[in-house]
Amino acid sequence: MAEPPMQPLDHRELPLEEMQAQAREFVTDIRRRRTVRHFSDRPVPRSLIEECLRAANSAPSGANRQPWHFVIVGNAETKSRIREAAEAEEYELYHGRASNEWLEALAILGTDEHKPFLEIAPWLIVVFSETWGISPDGSKKKTFYVQESIGIATGFLIAALHRAGLATLTHTPSPMGFLRDILGRGENERAFLILVTGYPADDAEVPVLEKKRLADVASFIE
Ligand code: IYR
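Everything in this summary refers to the structure shown in the same document.

About the criteria used
Residues numbered from 1 in each chain as written. Predicted model: local features only at pLDDT ≥ 70, side-chain atom pairs only at ≥ 80, totals over all residues. Heavy atoms only, no water. Core = buried A, V, L, I, M, F, W, Y, C linked by side-chain atoms within 4.5 Å. Buried < 20%, exposed > 50% of the residue type's maximum accessible area, 1.4 Å probe, protein only. Helix = DSSP H or I, 4+ residues; strand = E, 2+ residues; numbered from the N terminus. Contact = heavy atoms within 4.5 Å. Near = heavy atom within 4 Å. Polar contact = N/O pair within 3.5 Å; in protein donor to acceptor, adjacent residues only side chain to side chain. Areas by Shrake-Rupley, 256 points an atom, 1.4 Å probe, with all protein chains shown as cover. Nonpolar A, V, L, I, M, F, W, Y, C, P; charged D, E, K, R; others polar.

### Examining the nonpolar core
Inference 1: In this structure, Ile 82, Leu 179, Leu 183 and Val 196 are the most contacted members of the largest nonpolar core, which totals 22 residues.
Inference 2: Here this core gets 4 residues from one element, more than from any other, and that element is helix H7 (residues 177–183).
Inference 3: Ile 82 has contacts with Val 73, Leu 118, Leu 124, Phe 178, Leu 179, Ile 182, Leu 183 and Ile 194, leaving out every residue within four places of it along the chain.
Inference 4: Counting residues in each nonpolar core, the second largest holds 20 residues, with Val 44, Ile 49, Ala 153 and Leu 161 among its members.

In structure tokens:
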């Protein structure tokens, strides 16, 4: 096989003290990020969302195939259709489909089948994964590590939106097949989640949640 073209790495080396400070700053900022369910209808410029999508699109992915597509819904009528379909599925979930164990686990969040934020928030970023890609000539193109890739890209997106000063909700109405139909996506795509995005409501509240301690989630072998 021929050698692929290579280029020098654009690495920014920092003094160790600065590395610690940068890491600390990032941790302080990202720990403030919370999933929000009370949004303001205050508009958010499309250009800000586009900038954050550039961060998502830079994520590593299997064989760099970038098996993702983002549909950014700001249109009121489309948002209403999504809300209606999501609430119908969620009603079934909360009234029978979810096990008691699941409902008990959800109790700390105070959620139910009502999803007004799907109409109130200015943007719904619907993240689709590509089970297979499509080349410019229309032929199928294999994708790799799709779940991993889409998860990483969505993580980048959430971090970028937070850093930009926006609130997000990782919403996964269950099941999500209706999103492909409403948004007219191809059969090679599956909805991964809706990232509800906007300013939080002035009186937004979030549940009191605790994170596990580092020692419980990380073990060093030195
Ligand atoms: N999709 C439902 C239920 C739900 C499930 C989990 I796991 C959550 O962390 C939160 C909600 C809903 O959005 O209400």
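### Focus on the site of the ligand
Inference 1: Taken together, Arg 37, Glu 90, Leu 93, Tyr 94, Trp 102, Leu 106, Leu 109, Thr 111, Asp 112, Lys 115, His 171 and Thr 172 make up the full set of residues near the ligand.
Inference 2: Tyr 94 has a polar side-chain atom sitting 2.5 Å from an oxygen atom of the ligand.
Inference 3: Between an oxygen atom of the ligand and a side-chain N or O atom of His 171, the distance comes to 3.3 Å.
Inference 4: The fraction of the free accessible surface of the ligand (380 Å²) that becomes covered by protein chains is 72%.
Inference 5: Mapped onto the shell around the ligand, the elements with two or more residues apiece are helix H3 (76–97) and helix H4 (100–106).
Inference 6: When residues of the shell around the ligand are assigned to their parent elements, the largest contribution, 3 residues, is made by H3.
Inference 7: Taken together, the residues that form the shell around the ligand break down as 5 nonpolar, 3 polar and 4 charged.

None of this, on its own, says anything about what the molecule does.
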